[in-house]
Amino acid sequence: MLEALYDFRPVTPADLPMLEGWLRQPHATEWWGDDILASLEEIIEAAESVETEPLIVELEGKALAYLQVYDPHLEDDHPYQDQPFGTLGLDVTIGDAAMLGKGHGSAMVRQIAEQLFAEGAPRVIIDPHPDNARAIRAYAKAGFREIDRRHSPYGDVVLMACDPDEDNAQNGG
């Protein structure tokens, strides 16, 4: 089991200015788009939904990233409903560009996946854009493997999965 380095807490209204600042950074707008207010509205809607749990990832009490856990089986017509029932999906964005390239992405994704497995999830998926090589490398390091390439309502994606019974020791797990 991975040592818990990160804390995951629910997004609150007080986080919205911080999230807005993160979403305005070039490394975030590259994948979220330029419509910051629409992106914030998506986060607010996610906080009010039953299928998505938006979280702030903290390291030593300092906010580091936005992460959301979602259940594709609770959302009508979600493109990943072909995954095993109980599968949970992740979306993650590191907030401060200075924190990129330091191993946080793979470590926090692995930690949350381990927590979700402990809670009974049979699989955890993540779906970076095919051009997001940094994310794909980070998720592979966290034990995720490519299972499909798809064009979804969210755009082109590399669908990656991690299952609790996989041997991820070589991936830092």
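Treat the numbers as computed from the prediction; the structure is a model and nothing was measured.

Novice: Can you tell me about unusual backbone geometry, naming the residues and giving the values?
Specialist: Phi at Glu60 takes a positive value of approximately 55°, unusual for a residue other than glycine. Topologically, Glu60 is positioned in the loop between β2 (52-59) and β3 (62-70). Residue classification places Glu60 among the exposed residues on the basis of a relative accessible area of 77%.

Novice: Quick one: what's the story with empty space enclosed by the protein, residue by residue and with numbers?
Specialist: For the structure shown, the criterion picks out one cavity of 30 Å³ or more. Lining the largest cavity we find Leu19, Trp22, Leu23, Ala28, Trp32, Ile43, Tyr66 and Thr93. Those elements that provide at least two residues to the lining of the largest cavity are α1 (16-23) and α2 (26-32). When residues of the lining of the largest cavity are assigned to their parent elements, the largest contribution, three residues, is made by α1. Here the lining of the largest cavity is built from residues that sort into seven nonpolar, one polar and no charged.

Novice: I'd like to hear about the confidence of the model for the chain, residue by residue, with values.
Specialist: Mean pLDDT for the chain: 88, with 93% of residues reaching 70 or above. Low pLDDT, under 50, characterises residues 167-173; the stretch is placed with 12 contacts to residues that sit more than four places away or in other chains.

Novice: Could you give an account of the side chain of Asp127, naming the residues involved and the relevant values?
Specialist: Looking at the element boundaries, Asp127 is found in the loop between β5 (124-126) and α5 (133-141). At 2.6 Å, the side chain of Asp127 forms a polar contact with the side chain of Tyr80. With residues up to four places along the chain from it excluded, the contact list for Asp127 reads Tyr70, Tyr80, Leu90, Asp91, Val157, Val158 and Leu159.

Novice: So what's going on with the packing of α1 against helix α3 (residues 36-48)? Residues and values would help.
Specialist: At a minimum axis distance of 10 Å, the contact between α1 and α3 shows a crossing angle of 135°. With respect to α3, the axis of α1 lies oblique. In this structure, α1 meets α3 at a crossing whose hand is right-handed. Here Leu16, Leu19, Glu20 and Leu23 of α1 lie close against α3, whose contacting residues are Ile36, Ser39, Leu40, Ile43 and Ile44.

Novice: Could you give an account of the sheet that holds β5, naming the residues involved and the relevant values?
Specialist: Strand order in the open sheet made by the seven strands is β1-β2-β3-β4-β5-β7-β6, with mixed pairing throughout. Looking along the sheet, the strands with just one partner apiece sit at the ends: β1 (6-10) and β6 (145-152). The sheet shows a mean angle of 30° between the axes of neighbouring strands, direction not considered. In this sheet, β5 lies alongside strand β4 (residues 88-94) in parallel orientation, the contact comprising three bridges. Note on β5: the bridge partner recorded for Gly89 is Ile125. Those strands touched by helix α4 (residues 104-118) are β1, β2, β3, β4, β5 and β7 (155-162), and its axis lies near 155° from that of β4. The strands touched by α5 within the sheet are β4, β5 and β7, with β7 carrying the most contacts at an inclination of about 15°.

What counts as what
- Residues numbered from 1 in each chain as written.
- Predicted model: local features only at pLDDT ≥ 70, side-chain atom pairs only at ≥ 80, totals over all residues.
- Heavy atoms only, no water.
- Helix = DSSP H or I, 4+ residues; strand = E, 2+ residues; numbered from the N terminus.
- Buried < 20%, exposed > 50% of the residue type's maximum accessible area, 1.4 Å probe, protein only.
- 1 Å grid on protein atoms, 1.4 Å probe; cavity = no way out; pocket = protein on both sides within 12 Å on 5 of 7 lines; lining within 4 Å.
- Points joined across faces, edges and corners; volume = space filled by probe spheres on them.
- Nonpolar A, V, L, I, M, F, W, Y, C, P; charged D, E, K, R; others polar.
- pLDDT = per-residue confidence, 0-100.
- Contact = heavy atoms within 4.5 Å.
- Polar contact = N/O pair within 3.5 Å; in protein donor to acceptor, adjacent residues only side chain to side chain.
- Axes fitted to C-alpha atoms, helices over the stretch in contact; angles between N-to-C directions.
- Parallel < 35°, antiparallel > 145°, perpendicular 65-115°, else oblique.
- Left-handed = near helix turned anticlockwise from the far one by under 90°.
- Pairing = 2+ DSSP bridges.

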